[in-house]
Amino acid sequence: MREEGREKDKVLMSGNEAMGEAALRVGCKFYAGYPITPQNELTAYMARYMVGKGVFIQSESELAAISMVMGAAASGTRSMTSSSSPGISLKQEGISYMAGCQLPAVIINVMRGGPGLGNINSSQSDYFQSTRGGGHGDYYTPVLAPHTVDEAIRLVMLAFDMADYYRTPVLILADAIIGQMMEPASFPAKSEFDKPRLPKSWALTGAKDREPNVVRSLFIKEGSLTQHNENLKNKWQQIREAEQRYDQYKIEGAQYLIVAYGSQARIAREVVDVLREEGINIGLFRPISLWPYPVTAIQRAAASVDHVFVVEQSMGQMVEDVRLSLPNKKVHFYGKAGGDIPRTKEIMEYVKSEM
Amino acid sequence: MAKRFVSPQSLKDVDTHYCSGCGHGILHRIVASVIDKLGLRDKTIGVAPVGCAVIAYDYWNFDVSEAAHGRALAVATGIKRCKPDSFVFTYQGDGDLASIGLAETIHTANRGENLTCVFVNNACYGMTGGQMAPTTVVGQKTATTPFGRNPRAGEGWPLKVSELLAQLPGVCFVARTTVTSPKDVLKTEQCIRQACINQIEKKGFSIVEILSPCPTVWQKTPIEAAKWVQEEMIKVFPLGVIKE
Ligand SMILES: Cc1ncc(C[n+]2csc(CCOP(=O)(O)OP(=O)(O)O)c2C)c(N)n1
Ligand code: SF4
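Residues numbered from 1 in each chain as written. Chains lettered and ligands numbered in written order. Predicted model: local features only at pLDDT ≥ 70, side-chain atom pairs only at ≥ 80, totals over all residues. Heavy atoms only, no water.

### Observations concerning the overall build of chain A
Moving on, step 1. Helix and strand content of chain A: twelve helices and 16 strands.
Moving on, step 2. What you see for chain A is a C-alpha radius of gyration of 20 Å, in line with the 20 Å of a compact globule of 355 residues.
Moving on, step 3. The principal-axis extent of the C-alpha atoms belonging to chain A is close to 70 × 50 × 40 Å.
Moving on, step 4. The burial tally for chain A puts 61% of its 355 residues in the buried class.
Moving on, step 5. Look at the contacts in chain A between residues 6 or more apart in sequence, and 78% of them connect residues 24 or more apart.
Moving on, step 6. When the 39 basic and 40 acidic side-chain charges of chain A are each reduced to a single mean position, those positions are 4 Å apart. (Helix = DSSP H or I, 4+ residues; strand = E, 2+ residues; numbered from the N terminus. Rg over C-alpha atoms; globule rule 2.2 N^0.38 Å. Buried < 20%, exposed > 50% of the residue type's maximum accessible area, 1.4 Å probe, protein only. Contact = heavy atoms within 4.5 Å. Lys, Arg positive; Asp, Glu negative; His and termini not counted. Charge placed at Lys NZ, Arg CZ, Asp CG, Glu CD.)

Set out below in structure tokens:
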């Protein structure tokens, strides 16, 4: 699918391939990855379509892949890697280094079941890992969660712009359903990011006619790491204030609210439609940025709501952020992990039993 | 009288933290001087390891990236593939290159990445206080082999990474040298120079392994340490050009 279509032209693509194409269109020039299901189509897409446009490397491991991306990013090149849960655990080493070195890159996690090898079915069990830094040290990475193939395209494009602007790794947290399913989608000409593209004066390009640039996360002079952490904290705060993203559905006059993200939000939307038909005033709140969590928006959406129902393909991870955001609301949780996912009928039954 | 010793432009005029008699200081100077003489400074990007040389970028006067422990060659791969016209090298200890980073080492070499690798073999982990490295020789006492490295006790044999890499088609140059005499310093400089020229000529992966004294961990004086390299280490790790 390399013909440049007009923006409104719809194409039929899997989420994995669409995310690869979106990266190429937004100027990704370096990709390194190691095979793992359920994201293999993305790696294969990059192998095929990066030819003549950039560098593709099948690395020896995820540890190597993320370090290659780190090198590419250090050279000022837009770069990306993708994997699924066990592979992302290995990539945490490099993600922590890149957060410390303030290097931009996009990392796609097409989540599968865990812990350990788990299985290859859809899951949302890496929420904790993704939204709390994930590796060692005090840091966050922005996390964007698509619920359709079309949105996956937009979020990948946005992720590259955000990564460059804030000089940070940005995570796309998709699940196996989004990665594997095919649906019509379109490619916008550019991302919706509203801030300028800054020159990468920090990049390693050879110290010709300037002082040497150093990419480092090591600060051993007394007080220097404390200062570095303060600087990073200010950056996280800036991101918290500017980059909260969310979507909501039928929340006007809602008495009840469902909160779900990714593929689970599609099922939750169906639940809302059916329950609304039955006369129950229920709406859906869908976080798009999982970090920063859209705290203000969920508080607004839940202002006149009595019960909040969080539904996840996990044993209860995002629900903690909902409880932190809505300390005075009754927050219920329904989730399944390990391959089975919460389905319309059972969610409806759960909601009715608790309201 | 003419000035005979000129500090390379690629080396900052600062004190280093290395112990006296340590090979790292000598090697920093050699690397910087080769880069100067080949006129590479303006397009050089070095990759520093995790080990005693972790803050090499405080001493080198060109662009440098950090890498996680053992991942220097993966970082270098990313840089070099994106900037093929720059000159990219890694500088790594034996723990970094031969233990935690062995997969990266072998695969980078096997892909034939057009890179230069300076491999500092001091037969121990210097930075963490002198533990066993893959290169620790049989019988050598370290913090974690207090009775001497014993292969029969499951502690393994010294790993000869250079010989291993020399078998790979993507590797164009492998040499082992030391820095314990003026003659050996000159030989080391020659080999590092060759490893750099190979990259400029796009010949593939070049590595120079340097047997480097670590008097502190070895609990020897600098002179005893140099002697130990010449008398003991080279028995296990013979010097010379292994592949060219
Ligand atoms: C992932 C990880 N594990 C362990 C360490 C601790 N560590 C720092 S340097 C080092 C070994 C260094 O030895 P070597 O590479 O031989 O270099 P030298 O200090 O001898 O020059 C270790 C184990 C670390 N920084 N990161
Ligand atoms: S501990 Fe050994 S390798 Fe490290 S600086 Fe001292 S002598 Fe050099």
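### A short note on the side chain of threonine 142 of chain B
All names here are of chain B.
Moving on, step 1. Among the structural elements, threonine 142 can be located in the loop between β4 (116-121) and α5 (161-166).
Moving on, step 2. Engagement of the side chain of threonine 142 in a polar contact is seen with the side chain of threonine 145, the distance being 2.6 Å.
Moving on, step 3. Excluding residues within four positions of it along the chain, threonine 142 makes contact with Gly130, Gln131, Met132 and Thr136. (Polar contact = N/O pair within 3.5 Å; in protein donor to acceptor, adjacent residues only side chain to side chain.)

### A short note on the site of ligand 1
Residues and elements named next belong to chain B.
Moving on, step 1. In the vicinity of ligand 1 there are 16 residues, among which Cys52, Asp94, Gly95, Asp96 and Gly126 approach most closely.
Moving on, step 2. Separating an oxygen atom of ligand 1 from a backbone N or O atom of cysteine 52 is a distance of 2.8 Å.
Moving on, step 3. In this structure, methionine 127 approaches ligand 1 through a main-chain N or O atom, which is 2.9 Å from an oxygen atom.
Moving on, step 4. For ligand 1, whose free accessible area comes to 590 Å², the fraction covered by protein is 76%.
Moving on, step 5. A molecule is said to occupy a pocket when more than half its atoms come within 2 Å of that pocket's grid points, and by this definition ligand 1 occupies the second largest pocket. (Near = heavy atom within 4 Å. Areas by Shrake-Rupley, 256 points an atom, 1.4 Å probe, with all protein chains shown as cover. 1 Å grid on protein atoms, 1.4 Å probe; cavity = no way out; pocket = protein on both sides within 12 Å on 5 of 7 lines; lining within 4 Å. Sits in = over half its atoms within 2 Å of the grid points.)

### Details of the interface of chain A and chain B
Moving on, step 1. On the chain B side, the residues contacting the 34 residues of chain A number 33 residues.
Moving on, step 2. In total, about 2600 Å² of surface goes out of reach between chain A and chain B, with carbon and sulfur atoms giving 60% of it.
Moving on, step 3. Three residues, Glu60, Leu204 and Pro212 of chain A, lead the burial of chain A against chain B; their summed loss comes to 19% of the area buried on that side.
Moving on, step 4. Joining chain A to chain B, the criterion identifies four salt bridges.
Moving on, step 5. For arginine 216 of chain A, the salt bridge identified is with aspartate 58 of chain B, shortest N-O distance 3.6 Å.
Moving on, step 6. Across the contact surface, chain A and chain B share 13 residue pairs in polar contact (both at pLDDT 80 or more).
Moving on, step 7. Those elements giving two or more residues to the side of chain A that touches chain B turn out to be β3 (55-58), α3 (62-74), α4 (85-101) and β10 (214-215) of chain A.
Moving on, step 8. For the side of chain A that touches chain B, the element with the most residues is α3 of chain A, which contributes eight residues.
Moving on, step 9. Partitioning the side of chain A that touches chain B into residue classes produces 20 nonpolar, nine polar and five charged.
Moving on, step 10. Bridge count for β10 of chain A against strand β2 (residues 63-65) of chain B is two bridges, and the pairing is parallel. Paired with valine 215 of chain A across the bridge in β2 of chain B is serine 65 of chain B. (Buried area = accessible area lost by both parts, 1.4 Å probe. Salt bridge = Lys/Arg side-chain N within 4 Å of Asp/Glu carboxyl O. Nonpolar A, V, L, I, M, F, W, Y, C, P; charged D, E, K, R; others polar. Pairing = 2+ DSSP bridges.)

### Things to note about the domain arrangement of chain A
Residue and element names in this part refer to chain A.
Moving on, step 1. With domains assigned, chain A is organised as domain 1 (11-242) and domain 2 (247-354).
Moving on, step 2. The C-alpha-based centres of domain 1 and domain 2 are spaced at 28 Å.
Moving on, step 3. With 32 residues of domain 1 in contact, the opposing surface of domain 2 contributes 25 residues.
Moving on, step 4. Between domain 1 and domain 2 lies a buried interface of about 2400 Å² when both sides are counted; carbon and sulfur atoms form 54% of it.
Moving on, step 5. It is Gln124, Tyr127 and His147 that lose the most area in domain 1 upon contact with domain 2, and together they represent 32% of the buried surface on that side.
Moving on, step 6. Counting the contacts that link domain 1 with domain 2 gives three salt bridges.
Moving on, step 7. Within the residue set of the side of domain 1 that touches domain 2, elements represented by two or more residues are β6 (119-122), α5 (127-131), β7 (143-144), α6 (149-166), β8 (169-175), α7 (176-180) and α8 (224-242).
Moving on, step 8. Split by residue class, the side of domain 1 that touches domain 2 holds 16 nonpolar, ten polar and six charged. (Domains from an automatic or database assignment.)

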